[in-house]
Amino acid sequence: MGGSGAASVIVVGAGVFGLATGLALAEAGLKVRLVAETASGLTASGVAAGMLAPAFESVLDPPSPDSLGLLAAGRDLWPDLAGRLGVALDRSGAAAVGPDDWLGDLQARFAHLGLETREAGRAEMEAWTPGLAPRFRRALVTLEDWRIEPQEALAAMAARLRDLGGAVEAGALAARDLADPPGPVVLATGADRRLAALAPELALLSPIKGQILWRADQRPPSRVIRAPGAYLLGSGGGLLAGATMEAGRTDLRSDPQAQAGLRAALSDAFPEMPTGDWVTRVGVRAASPDGLPLAGASRRPGVFLAAGARRNGWLLAPLVAKIVTAAVTGEDGGRWAPRLDPSRFAPGAGEVLA
Ligand SMILES: Cc1cc2nc3c(=O)[nH]c(=O)nc-3n(C[C@H](O)[C@H](O)[C@H](O)COP(=O)(O)OP(=O)(O)OC[C@H]3O[C@@H](n4cnc5c(N)ncnc54)[C@H](O)[C@@H]3O)c2cc1C
């Protein structure tokens, strides 16, 4: 695998899309050179919460009305990937806590999608996480949603890629650096559109800044908790609360004003939680016009895309990696490949190639 005679491919980007795709290509026998400007831990992938949440994402913020099957297909590839990486996959599920009318609405939406939930009472809720607003009397639990620890998984992906003979290098690449590559090029460049001269589809992506809060001094909940306007989970030995969605912003600054809604939602659901001393982490997601990734061949021959994950990059990474690897090796990408085909927005998408 990946020996000196293997075909070589350049992957640009060390977020979860770049690493998962680079790894899948190496596992398919290609020699992978992965180049990234930002080290994986500092990418949007590195600051993400790591929820693999087809159920809650489908009822709270569906990228498209019928995306549950696609999101579930991404999740279902995780047990195998996590096993190959030797990282833990938390399958304890997620719970919604909140006012009765909000829970009732969620319950109806879960039922409409055929997703099973169970109710939990106050004693069970307090065992997961103390300090919940006393007026929250019940919770809705789904076991459909799982979680991965992002930093651990990124490090494991890079290590396995190297074990398979791949190279992981630091550096920023411009379109001219990739004008005459030795083989296929995969752009997994997140919200960065500098390489749109190489793949015009990248010009379709728009940025969404996300701020997420972390602190070490509070007991993390034993499963992911979703409340109106906020989620809470245990990560990196502390408590993670997320997240803002700031469309159009690309800066990585901590912005307390933009965090106000998130902080208010946290105070409402967890009134005993200290309000100060949160560490802010910032990432920028990339969204395509339909909220789903661009995965597969660019209109530019020899260039492939793995970008535009919006909120579900972790969830969809193994599926995107599989589809892009199939496109590079000339195999069938499977049922979801047409749905994520970068050419779905053509004609007129991005600038016209000479
Ligand atoms: C606060 C927050 C919470 C989130 N929570 C979740 C969650 O719980 N579950 C989930 O599924 N998703 C979540 N997401 C979304 C997820 O993080 C993203 O969809 C995903 O990380 C995108 O990964 P990526 O590999 O496409 O891009 P990125 O992680 O942004 O990586 C892009 C890479 O490309 C490199 N690059 C770009 N241009 C160049 C160039 N010209 N030369 C060299 N390198 C270049 C960068 O340096 C970087 O290494 C969250 C996002 C945020 C911001």
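As the structure is a prediction and not an experimental result, all values here were calculated from the model. (Residues numbered from 1 in each chain as written. Predicted model: local features only at pLDDT ≥ 70, side-chain atom pairs only at ≥ 80, totals over all residues. Heavy atoms only, no water.)

Engineer: For this particular structure, what's the right way to read empty space enclosed by the protein?
Structural biologist: Gaps left between atoms are located by rolling a probe of water-molecule size over the structure's atoms. All chains considered together, the criterion is met by 2 cavities of 30 Å³ or more. Considering only enclosed or pocket space, the largest cavity measures out at about 60 Å³ in volume. Arg263, Leu266, Ser267, Phe270, Met273, Pro274, Thr275 and Trp278 together form the lining of the largest cavity. Tallied by class, residues from the lining of the largest cavity come to 5 nonpolar, 2 polar and 1 charged. (1 Å grid on protein atoms, 1.4 Å probe; cavity = no way out; pocket = protein on both sides within 12 Å on 5 of 7 lines; lining within 4 Å. Points joined across faces, edges and corners; volume = space filled by probe spheres on them. Nonpolar A, V, L, I, M, F, W, Y, C, P; charged D, E, K, R; others polar.)

Engineer: Looking at this structure, I do not really get the confidence of the model for the chain. What am I missing?
Structural biologist: Detail in the predicted coordinates should be disregarded across regions flagged by low pLDDT. Per-residue confidence for the chain gives a mean pLDDT of 94; residues scoring 70 or more make up 96%. Within the model, pLDDT remains below 50 along residues 349-354, and this stretch shows 10 contacts once partners closer than five positions in the same chain are excluded. (pLDDT = per-residue confidence, 0-100. Contact = heavy atoms within 4.5 Å.)

Engineer: Would you mind going over helix 9 (residues 256-269) with me for this structure?
Structural biologist: Helical geometry note: an α-helix holds 3.6 residues per turn, so side chains three or four residues apart project in the same direction. With 14 residues, helix 9 extends 19 Å between its outermost C-alpha atoms, agreeing within 8% with the 20 Å of an ideal straight helix rising 1.5 Å per residue. At Leu262, helix 9 shows its largest bend, some 30°. Buried-residue contacts for helix 9 involve strand 11 (206-215), strand 12 (224-227), strand 13 (230-235), strand 14 (238-242) and strand 16 (279-287). (Helix = DSSP H or I, 4+ residues; strand = E, 2+ residues; numbered from the N terminus. Expected span 1.5 Å × (residues − 1). Bend = angle between axes of the 7 residues up to and from the residue.)

Engineer: What is the right way to read the sheet that holds strand 18 (residues 303-307) from this model?
Structural biologist: Pairing between the strands of a sheet is mediated by backbone hydrogen bonds and can be parallel or antiparallel. As summarised here, the arrangement of the 6 strands in space is 9-2-1-10-18-17, forming an open sheet in which the pairing is mixed. The sheet is open, and its two edges are formed by strand 9 (167-170) and strand 17 (294-297), each paired on a single side. Each strand axis lies, on average, 20° off the axis of its neighbour in the sheet, ignoring direction. Looking at chain direction, strand 2 (residues 31-36) and strand 9 are connected through 4 bridges and run parallel. Paired with Leu34 across the two strands is Val168, which belongs to strand 9. Set on the sheet, helix 1 (residues 16-27) makes contact with strand 1 (8-12), strand 2, strand 10 (185-187) and strand 18; between it and strand 2 the angle comes to about 170°. (Pairing = 2+ DSSP bridges. Axes fitted to C-alpha atoms, helices over the stretch in contact; angles between N-to-C directions.)

Engineer: In this structure, what is going on with the domain arrangement of the chain? I would like to understand it.
Structural biologist: Quite often, the size of an interface is put as the accessible area lost when its parts meet. For the chain, the assigned domains are domain 1 (1-92 + 145-204 + 289-354) and domain 2 (94-142 + 207-287). On a C-alpha basis, the centroid separation for the pair domain 1 and domain 2 is 27 Å. In this assembly, domain 1 packs against domain 2 so that about 2400 Å² is buried in total across both faces, 66% of it on carbon and sulfur atoms. Linking domain 1 to domain 2 there are 1 salt bridge. Glu57 serves as the salt-bridge partner of Arg226, at 3.5 Å between the closest nitrogen and oxygen. For the pair domain 1 and domain 2, the number of links is 8 residue pairs in polar contact (both at pLDDT 80 or more). (Domains from an automatic or database assignment. Buried area = accessible area lost by both parts, 1.4 Å probe. Salt bridge = Lys/Arg side-chain N within 4 Å of Asp/Glu carboxyl O. Polar contact = N/O pair within 3.5 Å; in protein donor to acceptor, adjacent residues only side chain to side chain.)

Engineer: I would appreciate a short explanation of unusual backbone geometry in the present structure.
Structural biologist: Negative phi values dominate among residues other than glycine, just as trans dominates among peptide bonds. Cis rather than trans, the peptide bond between Gly242 and Ala243 has omega equal to -25°. Positionally, Ala243 belongs in the loop between strand 14 and strand 15 (246-247). One non-glycine residue, Asp277, lies in the positive phi region at around 65°. Relative to the elements of secondary structure, Asp277 occurs in the loop between helix 9 and strand 16. Within the chain, Arg310 stands out as a residue other than glycine whose phi angle is a positive 50°. Tracing the backbone through its elements, the reader meets Arg310 in the loop between strand 18 and helix 10 (313-329).

Engineer: Would you explain the layout of surface pockets in this entry?
Structural biologist: What the second largest pocket holds in volume is close to 190 Å³. Taken together, Ala20, Leu23, Ala24, Glu27, Leu77, Asp80, Leu81, Arg84, Pro318, Ala321 and Lys322 make up the lining of the second largest pocket. With 4 residues, the single largest contributor to the lining of the second largest pocket is helix 1. Tallied by class, the residues present in the lining of the second largest pocket amount to 7 nonpolar, no polar and 4 charged.

Engineer: Help me out: how do you make sense of the side chain of Thr142 in this one?
Structural biologist: As for its position among the elements, Thr142 is in strand 7 (residues 138-142). We classify Thr142 as buried; its relative accessible area is 0%. Apart from the residues lying within four places of it in its own chain, the contact partners of Thr142 are Ala55, Phe56, Gly93, Ala94, Phe110, Glu116 and Thr117. (Buried < 20%, exposed > 50% of the residue type's maximum accessible area, 1.4 Å probe, protein only.)

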